[in-house]
Amino acid sequence: VLRSLGIPTRVITNFNSAHDRNINLSIDKYIDISGKTLHLTEDSVWNFHVWNESWFIRRDLGSFYDGWQVLDATPQETSKGMYQCGPASTRAIKEGDVNLDYDSSFVFAAVNADYVTWICYSNKRKERIYSDTRKIGKFISTKAVGTNSRVDVTANYKYPEVKEISFKISYSQYKNSLMDDRKILVTAV
């Protein structure tokens, strides 16, 4: 319909798409001490989910948010009392502006939520045992114009994922680095 009105529109596919029912920006899985899944949340991860993007000028949000906007024709949740999703700015999603209207927090979670596993003990205590910050929102794609090739648009939704690197330094190296920082501070003053 939007294309027939002259509005640029394209289909987007998100693989490992999070469905964050409680909008806490994490997909929580609960298990008992034997490893059995407990159904304590309605969060889920779908193999993929498809929505549309359309190109809009956003006078309501400001020009920073102009450009591609997410519109989901098959929303699974209500938004402001109706089954609707969008138009959520892809720029807002990438920048983590989850407090904007138009379901930006829901779409942000669909492509960026953390996947967290909790173990629940019999005394109602729970403990986080696993967290994956890179599982959700993979190969976000659209079809190339004029061909059947895939175009990766993941960079429109999120910054590149970085590998975690642990640095081990001795206490004396740490202490010396603090001294260097102090020298810089004194020099700057």
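Just above sits the structure.
Now for a quick tour of the structure. All figures in this text were calculated on a predicted structure; none of them were measured in a lab.

## Quick notes on the overall build of the protein
Right, so step 1: For the protein, the helix and strand inventory stands at 4 helices and 12 strands.
Right, so step 2: Each of the 189 residues in the protein was classed as buried or not, and the buried ones make up 36%.
Right, so step 3: Considering only contacts within the protein whose residues lie at least 6 apart along the sequence, 55% involve residues at least 24 apart.
Right, so step 4: In the form shown here, the protein has an accessible surface area of approximately 12500 Å², with 55% of it arising from carbon and sulfur atoms.

## Concerning helix 2 (residues 104–112)
Turn by turn, an α-helix covers 3.6 residues, leaving residues three or four places apart pointing in a common direction.
Right, so step 1: When you tally the buried positions in helix 2, you get 9 out of 9 residues, the bulk of the element.
Right, so step 2: Listed as buried for helix 2 are S104, S105, F106, V107, F108, A109, A110, V111 and N112.

## Side note on the nonpolar core
Right, so step 1: The biggest cluster of nonpolar side chains holds 12 residues, and these are I12, W51, V70, C85, A88, I93, V107, F108, V111, I140, V153 and Y157.
Right, so step 2: When residues no more than four places from it in sequence are discounted, the contact partners of V153 are R10, I12, I140, S141 and T142.
Right, so step 3: Formed by 6 residues, the second largest nonpolar core is a distinct cluster that contains A18, I27, A113 and Y115.

## What about unusual backbone geometry?
Right, so step 1: Its identity as a non-glycine residue notwithstanding, N16 has a phi of 55°, on the positive side.
Right, so step 2: Structurally, the position occupied by N16 is in strand 1 (residues 9–19).
Right, so step 3: A positive phi angle is found at L25, which is not glycine, with a value near 65°.
Right, so step 4: Its relative accessible area of 27% is what places L25 among the partly exposed residues.

## Remarks on the pattern of salt bridges
Right, so step 1: Using the criterion set out here, one finds 5 salt bridges in the structure.
Right, so step 2: Across the pair D60 and R58 runs a salt bridge whose closest N-O atoms are separated by 2.9 Å.
Right, so step 3: Of the residues examined, D60 reaches a relative accessible area of 47% and is grouped as partly exposed.
Right, so step 4: Overall, the relative accessible area of 3% leaves R58 in the buried class.

## Structural notes on the packing of aromatic side chains
Right, so step 1: Using the criterion set out here, one finds 5 aromatic pairs in the structure.
Right, so step 2: Ring centres 6.5 Å apart and planes at 20° place the aromatic pair Y30 and W118 in the stacked group. One end of the pair, Y30, is in strand 2 (residues 26–31); the other, W118, is in strand 9 (residues 114–120), and 88 residues separate them in sequence. Taken as a pair, Y30 and W118 share a single burial class, namely buried.
Right, so step 3: Centre to centre, the rings of W55 and W68 are 5.3 Å apart; their planes meet at 85°, and the pair counts as edge-to-face. On the criterion of sequence distance, the pair formed by W55 in strand 4 (residues 44–56) and W68 in strand 5 (residues 67–71) is long-range, its members being 13 residues apart.
Right, so step 4: By relative accessible area, W55 is classed as partly exposed at 45%.
Right, so step 5: The positively charged end of K94 is found above the aromatic ring belonging to Y159, 4.5 Å away from the centroid.

Conventions and cut-offs
Residues numbered from 1 in each chain as written. Predicted model: local features only at pLDDT ≥ 70, side-chain atom pairs only at ≥ 80, totals over all residues. Heavy atoms only, no water. Helix = DSSP H or I, 4+ residues; strand = E, 2+ residues; numbered from the N terminus. Buried < 20%, exposed > 50% of the residue type's maximum accessible area, 1.4 Å probe, protein only. Contact = heavy atoms within 4.5 Å. Areas by Shrake-Rupley, 256 points an atom, 1.4 Å probe, with all protein chains shown as cover. Core = buried A, V, L, I, M, F, W, Y, C linked by side-chain atoms within 4.5 Å. Salt bridge = Lys/Arg side-chain N within 4 Å of Asp/Glu carboxyl O. Phe/Tyr/Trp six-rings, centres within 6.5 Å; stacked < 30°, edge-to-face > 60°. Lys NZ or Arg CZ within 6 Å of the ring centre and 35° of its normal.

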